[in-house]
Amino acid sequence: MRKYRSHWYQGDREGYQRRSNYYEGPHTSHSSPADRTREEVVTPTLPEHAATRSQMATTLDFKTYVDQACRAAEEFVNIYYETMDKRRRALTRLYLDKATLIWNGNAVSGLDALNNFFDTLPSSEFQVNMLDCQPVHEQATQSQTTVLVVTSGTVKFDGNKQHFFNQNFLLTAQSTPNNTVWKIASDCFRFQDWSSS
């Protein structure tokens, strides 16, 4: 299916299995674990940075922070594109209420508008070939834990010709009483096809 890593380390596999819930939709806070869907996977909490720590400790904490952000991003990407291809009606559960999507230069904001937009798209087959991510510095996001996720690959809409695409997500951590979930604050999608002249 989608591959961006040559293999999984045992610790990654165990961590993935422990995190059975990731995205908590607005209507699922009272559901039992057996009732939850794949897009409701909990993400590991990212470590807090203390100003009084030594430079070495801060460097190690930042590496841990980056590693956890990357694992969360990889999990998110699998869930996002599987949901886009197979369960598109549930896709807006991955977005914040006031999230913005820029689709080939066209802006869409808010869950209702996003729902309407996704309903107009033909069926899709996404293949992600590249994934990159990094935490966004807390000074840039008013101390809100945020991760930048960048993907690229190919997509076919309704059996039409294949297009190359690039997509950027800003994910923000949302705390609930039981866990931390990631939601999309901003999403920018672009076709990357070169014009033939």
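Residues numbered from 1 in each chain as written. Predicted model: local features only at pLDDT ≥ 70, side-chain atom pairs only at ≥ 80, totals over all residues. Heavy atoms only, no water.

The chain is annotated in an unreviewed UniProt entry as Nuclear transport factor 2 like export factor 2 of Gorilla gorilla gorilla. The annotation that UniProt attaches to the chain under Subcellular location (unreviewed entry) is "Nucleus". (UniProt positions renumbered as here; feature names shortened; annotations may be inferred.)

Enquirer: In this structure, what is going on with the overall build of the chain? I would like to understand it.
Expert: Across its full length, the chain carries 3 helices and 6 strands. Reading the secondary structure of the chain in the N-to-C direction produces α-α-β-β-α-β-β-β-β. Per-residue burial over the chain gives 43% buried out of 197 residues. Of the contacts formed within the chain by residues at least 6 apart in sequence, a portion of 57% connects residues at least 24 apart. (Helix = DSSP H or I, 4+ residues; strand = E, 2+ residues; numbered from the N terminus. Buried < 20%, exposed > 50% of the residue type's maximum accessible area, 1.4 Å probe, protein only. Contact = heavy atoms within 4.5 Å.)

Enquirer: It is not clear to me how the pattern of salt bridges should be interpreted in this structure. Could you clarify?
Expert: Charged atoms that come close allow side chains of opposite charge to pair. Per the stated rule, a full pass over the model turns up 2 salt bridges. When the shortest N-O distance is used, the salt bridge between Lys63 and Asp67 registers 3.1 Å. Here Lys63 and its partner Asp67 are both found in helix α2 (residues 55-86), 4 residues apart, which amounts to about one turn of the helix. The class of Asp67 is partly exposed, set by a relative accessible area of 33%. Arg87 is the salt-bridge partner of Glu82, the closest N and O atoms lying 3.4 Å from each other. Its relative accessible area of 14% is what places Glu82 among the buried residues. (Salt bridge = Lys/Arg side-chain N within 4 Å of Asp/Glu carboxyl O.)

Enquirer: Where do I start with the packing of aromatic side chains in this structure?
Expert: One pass over the structure, following the stated rule, counts 19 aromatic pairs. Taken together, a centroid distance of 5.0 Å and an interplanar angle of 85° make the contact between Tyr80 and Tyr81 edge-to-face. Accessibility assignment for this pair places Tyr80 and Tyr81 in one class, buried. Residues Phe126 and Phe157 carry aromatic rings whose centres are separated by 6.0 Å and whose planes lie at 90° to one another, so their mutual orientation is edge-to-face. In this pair, Phe126 is assigned in strand β3 (residues 124-136) and Phe157 in strand β4 (residues 146-157), connecting sequence segments 31 residues apart. (Phe/Tyr/Trp six-rings, centres within 6.5 Å; stacked < 30°, edge-to-face > 60°.)

Enquirer: Even after reading the chapter, I still don't get helix α3 (residues 111-120), so can you show me in this structure?
Expert: Turn by turn, an α-helix covers 3.6 residues, leaving residues three or four places apart pointing in a common direction. Among the residues making up α3, those that are buried are Leu114, Phe117 and Phe118. For α3, the angular spread of buried residues about the axis comes to 95°, placing them on one side. Structural note: α3 exposes Asp112, Asn116 and Thr120 on the side pointing more than 90 degrees away from its buried face. (Arc of directions from axis to C-beta.)

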